[in-house]
Amino acid sequence: MKKRLKSWLIEQLLTRSVLINLFKTVHFFNCIVFLLKLLLMHFIPRGLLILILVTAYQKAAGQPDSLRRTTQAFVEAGALGKSGPAVPFWQRANQYGTVPLANSFVAVRAGISSDYRPGQNRQVDWGYGFDVVGNMGPIPANQQVFLPEAYIKARWRQLEIYVGRRKTIAGLVDTLLTSGAYAMSGNALPLPTIQIGTRGYVPLPFTKGAISINATFANAWFENVNRKVSNALMQQSTLYIRIGRPSGPVRLYGGINHQVTWNGYSPFIAPGVSNNGQLPSSFKAYLYAITALPYPNAAVDGNVTSFDETNRIGNHLGSLDLGAEFDVGDFTIFVYRQNPYDTGAIWYLTTIADGLNGLSIRRKSRGDSYISVDRALVEFLYTVDQGGNEFVIEDPQRRGKVDYFNNAQYIDGWTTRAHTIGTPFLTPEGDINPAIPYGPIVNNRVSMVHAGVNGRVGEKAVWLLKLSYSQNLGTYNAPLPGFPRQFSGLLKLSAPVQLPVVGLLHINATVATDQGALLPNSTGGYIGLRKDWSSGRQKTPVRKSQGGFSH
């Protein structure tokens with residue numbers, strides 16, 4: 001029984017066909033494999049390596065195809081060069097914190113993932129994902145290894161739990177072309193997380209599929225390296241409702257995502273907002289933080305200060321979202337609005353002028369022309385108002401000066417590893433001054449228009465264009481001189497190519513530029529080769545991956 005269980009578990013982690021196909025291309029990827037060996041030996045536990053190697057030779061034979069899970073793997077190697085002092089904005093933004101800010105570099109990426117097995121009758125299942133990125137450049141800051149994904153997940157019916165790092169986005173946006181969701185955009189390295197929630201939208205049984213909910217509850221841990229506040233924790237809750245069946249002509253969306261940073265210690269915090277550097281950390285404080293209950297006192301936690309009593313425990317932020325999706329002929333139209341909040345001002349509508357607005361149009365099937373336009377997006381981000389330039393707590397209509405992504409207690413801002421967790425257009429100090437990479441958010445009053453277009457060239461090549469233009473006012477406390485304007489653009493092309501020995505590869509190339517007075521002027525180019533493998537039955541795309549809409 002133990003041997004059968006061991007064989008079953010090993011087969012689920014990785015099927016032999018993936019590694020056999022991988023080994024067929026080892027001659028072409030000799031240098032890549034050597035580098036990955038070094039990375040894996042230094043950063044991956046030896047036991048996991050042994051398990052992966054053993055798995056290749058212990059696949060259960062004769063298993064019906066309906067029971068096989070899809071295992072996918074990839075390797076990509078590429079290089080980026082640029083003309084200015086920094087990597088252009090759109091070659092590093094929303095890349096989960098894996099692209100260096102400065103200097104040219106060579107990058108190697110490799111990943112493997114296994115999804116749930118197909119079939120509606122299976123109530124319990126599990127899967128995993130692992131993604132490693134290694135960068136090499138001329139300066140020590142570019143010698144980097146990242147794990148943007150390293151997680152294991154399990155499901156029971158429509159409920160799912162996962163543990164580890166996993167790429168996620170919070171809010172209603174077009175995930176392919178967006179400038180970035182307000183609160184969590186995929187711009188920073190994912191935090192180590194434990195999350196439980198629904199698997200996408202789950203119909204309420206008494207509505208015959210007309211009303212569905214999508215909800216998650218997660219706890220995460222910030223790093224301590226290069227942070228002024230140590231041992232900080234993050235809790236995230238999301239709740240979204242869809243009205244309308246997936247196959248219906250109209251689908252309405254509404255919901256909220258809520259993130260709160262709490263716990264921790266810092267010798268750098270002002271005395272009036274901490275207890276000798278200590279911040280509330282008890283279980284009662286946690287309950288106050290996740291529920292955003294007002295008026296905590298010393299009975300809740302001995303580290304509660306007058307700052308907490310007049311506010312709430314922790315730094316709360318997120319967005320209130322509304323959206324609608326329409327099927328019109330051969331097109332799907334998606335309109336959305338994210339209303340940011342960082343204090344209670346949103347409930348008095350004093351910051352209602354601020355928000356992210358988007359319009360996305362997508363063809364249901366690709367166009368007939370040789371160069372087709374299959375998808376287009378326009379977004380407008382506005383965070384200039386912030387309820388006005390004064391904060392008077394006694395007057396709800398004058399609770400302005402919100403200072404998005406900054407906080408008097410959590411002085412690192414809404415960042416991790418020098419990257420903004422939310423929209424990349426709210427700028428940390430390191431983006432403007434690379435010599436100070438771990439500063440707070442210095443530019444959160446932004447007016448920005450963004451456009452994205454995606455399509456095909458011929459039958460198989462895919463192209464994507466992003467263009468963004470912004471005016472940047474800094475913060476109310478420290479305005480940027482002259483309110484600098486900034487243009488950032490990106491053109492991306494991906495095309496398959498068949499080569500001897502290695503077989504089918506994909507060439508990925510990007511060209512990007514920054515021109516303006518906010519970021520250093522720079523133009524950069526990236527080119528890379530990617531090899532993919534897949535075993536088992538192909539994934540059946542869900543609506544989110546088909547449309548690229550994060551609901």
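Residues numbered from 1 in each chain as written. Predicted model: local features only at pLDDT ≥ 70, side-chain atom pairs only at ≥ 80, totals over all residues. Heavy atoms only, no water.

S.K.: Can you walk me through the overall build of the chain in this structure?
M.R.: Across its full length, the chain carries nine helices and 25 strands. Split into buried and exposed, the 551 residues of the chain put 50% on the buried side. Put simply, of all contacts in the chain between residues at least 6 apart along the chain, 64% involve residues at least 24 apart. Roughly 25200 Å² of accessible area belongs to the chain as shown, and the carbon and sulfur atoms make up 63% of that amount. (Helix = DSSP H or I, 4+ residues; strand = E, 2+ residues; numbered from the N terminus. Buried < 20%, exposed > 50% of the residue type's maximum accessible area, 1.4 Å probe, protein only. Contact = heavy atoms within 4.5 Å. Areas by Shrake-Rupley, 256 points an atom, 1.4 Å probe, with all protein chains shown as cover.)

S.K.: Looking at this structure, I do not really get unusual backbone geometry. What am I missing?
M.R.: Excluding glycine, most residues fall at negative phi; most peptide bonds, likewise, are trans. Not every positive phi belongs to a glycine, and N94 is a case in point at roughly 55°. Positive phi, normally seen in glycine, also occurs at N226, with a value near 60°. The class for N226 is partly exposed, based on a relative accessible area of 46%.

S.K.: Explain the pairing of strand β21 (residues 461-472) here, please?
M.R.: Strand residues, when the strand is regular, have side chains that alternate between the two faces of the sheet. Relative to β21, strand β20 (residues 446-457) is paired through twelve bridges, and the arrangement is antiparallel. Across the sheet, the residue bridging to V449 is Y469, located in β21. Counting the residues between successive antiparallel strands, the hairpin from β20 to β21 contains three residues, one of them, G458, with a positive phi of roughly 70°. Pairing geometry for β21 and strand β22 (residues 485-499), over ten bridges, is antiparallel. Pairing of W463 across the sheet is with L493, part of β22. (Pairing = 2+ DSSP bridges.)

S.K.: Explanation requested: a nonpolar patch on the surface in the structure shown.
M.R.: On the surface, I152, I161, V163, I194, I196, F217 and W221 cluster together into a nonpolar patch covering about 590 Å² of accessible area. Within the residue set of the nonpolar patch, elements represented by two or more residues are β5 (159-165), β7 (193-198) and β9 (211-221). Mapped onto the secondary structure, I152 falls in strand β4 (residues 144-156). We classify I152 as partly exposed; its relative accessible area is 47%. (Patch = residues over 30% accessible without salt bridge, like charges linked within 9 Å, V, L, I, M, F, W, Y side chains within 5 Å. Salt bridge = Lys/Arg side-chain N within 4 Å of Asp/Glu carboxyl O.)

S.K.: So what exactly am I meant to see when it comes to the confidence of the model for the chain here?
M.R.: Any region with low pLDDT has predicted coordinates that should not be read closely. Here the chain averages 85 in pLDDT, and 84% of its residues register 70 or above. Across residues 1-66 the pLDDT falls below 50, and counting only partners more than four positions away or on other chains, this stretch makes 80 contacts in the model. In this model residues 538-548 is a low-confidence stretch, pLDDT under 50, and it forms 23 contacts with partners more than four residues away in sequence or in other chains. (pLDDT = per-residue confidence, 0-100.)

S.K.: What am I meant to see in the pattern of salt bridges here?
M.R.: For side chains of opposite charge, pairing can occur when their charged atoms come near one another. What the rule picks out here adds up to 15 salt bridges. Between E325 and R251 there is a salt bridge, and its shortest N-O distance comes to 3.1 Å. Taken together, the residues E325 in strand β12 (residues 315-328) and R251 in strand β11 (residues 250-262) connect sequence positions 74 residues apart. A single burial state applies to E325 and to R251, both of which are buried. Three or more residues joined by partner-sharing salt bridges are found here, namely E76, R530 and D532.

S.K.: Would you mind showing me how to read the environment of H316 here?
M.R.: You can see H316 is positioned in strand β12. Given a relative accessible area of 11%, H316 falls into the buried group. Taking the C-alpha atoms as reference points, H316 and W262, 54 residues apart in sequence, are found 8.9 Å from one another. Excluding residues that lie within four positions of it along the chain, H316 makes contacts with H258, Q259, V260, A289, A292, Y341 and D342. A polar contact of 2.8 Å, which involves the side chain of H316, links it to the side chain of H258. Among the polar contacts made by the side chain of H316, one reaches the main-chain carbonyl oxygen of I313 at a distance of 2.8 Å. (Polar contact = N/O pair within 3.5 Å; in protein donor to acceptor, adjacent residues only side chain to side chain.)

S.K.: What is the right way to look at the nonpolar core in this model?
M.R.: Nonpolar side chains in soluble globular proteins tend to be buried together. In terms of nonpolar packing, the biggest core is built from 58 residues, with F222, M234, F405, W414 and L426 touching the most fellow members. It is helix α6 (residues 283-291) that provides the largest number of residues to this core, a total of four residues. Not counting the four nearest positions on each side in its chain, F222 is found in contact with L191, R227, A232, L233, M234, T261, W414, T415, T416 and I421. Of all hydrophobic cores here, the second largest spans nine residues; its members include V75, A110, F130 and W533. (Core = buried A, V, L, I, M, F, W, Y, C linked by side-chain atoms within 4.5 Å.)

S.K.: Got a minute to help me understand the packing of aromatic side chains in this structure?
M.R.: Geometry of an aromatic ring pair is reported as the spacing of the ring centres plus the angle between the planes. In this structure the tally under the stated criterion is 14 aromatic pairs. Aromatic side chains Y151 and Y162 sit 6.3 Å apart centroid to centroid with 70° between the ring planes, which places their arrangement in the edge-to-face category. Here Y151 is found in strand β4, whereas its partner Y162 is found in strand β5, with eleven residues between them in sequence. Y162 shares its class with Y151; the two are buried. (Phe/Tyr/Trp six-rings, centres within 6.5 Å; stacked < 30°, edge-to-face > 60°.)

S.K.: Which parts of the structure should I look at to understand the pairing of strand β24 (residues 522-535)?
M.R.: In the sheet, strand β1 (residues 71-82) pairs with β24 via twelve bridges, with the strands oriented antiparallel. Across the sheet, the residue bridging to Q72 is S534, located in β24. For strand β23 (residues 503-516) and β24, the ladder comprises nine bridges, and the chain directions are antiparallel. Residue A512 lies in a different strand from β24, and its bridge partner there is G524. Where β23 hands over to β24, the hairpin turn is made up of five residues, counted between the paired strands.

S.K.: So what exactly am I meant to see when it comes to α6 here?
M.R.: Residues that lie three or four places apart on an α-helix share one face, since the helix turns once every 3.6 residues. All of the buried residues in α6 are A285, Y286, A289 and I290. Angularly, the buried residues of α6 cover 130° about the axis, an arc narrow enough to put them on a single face. Looking at the buried positions of α6, the neighbouring elements they touch are β9, β10 (233-243), β11 and β12. A292 lies just past α6 and shows a positive phi near 55°. (Arc of directions from axis to C-beta.)

S.K.: Explain the side chain of D301 to me, please; I cannot follow it from the model alone.
M.R.: On the secondary structure map, D301 appears in the loop between α6 and α7 (306-310). In this structure, D301 is buried with no salt-bridge partner, the nearest side chain bearing the opposite charge being K284 at 10 Å. Polar contacts involving the side chain of D301 include one to the main-chain amide nitrogen of N303, which spans 2.7 Å. Once residues within four sequence positions are removed from consideration, D301 is found in contact with P280, S281, S282 and A285. (Lys, Arg positive; Asp, Glu negative; His and termini not counted.)

S.K.: Where do I start with the side chain of R337 in this structure?
M.R.: If you trace the backbone, R337 turns up in strand β13 (residues 331-341). D354 provides the closest opposite charge to the buried, salt-bridge-free R337, at an N-O distance of 7.2 Å. Side-chain polar atoms of R337 contact the backbone oxygen of I352, separated by 2.6 Å. With sequence-adjacent residues up to four places away left out, R337 is seen in contact with L320, D321, L322, I352, A353, D354, G355, L356 and N357.

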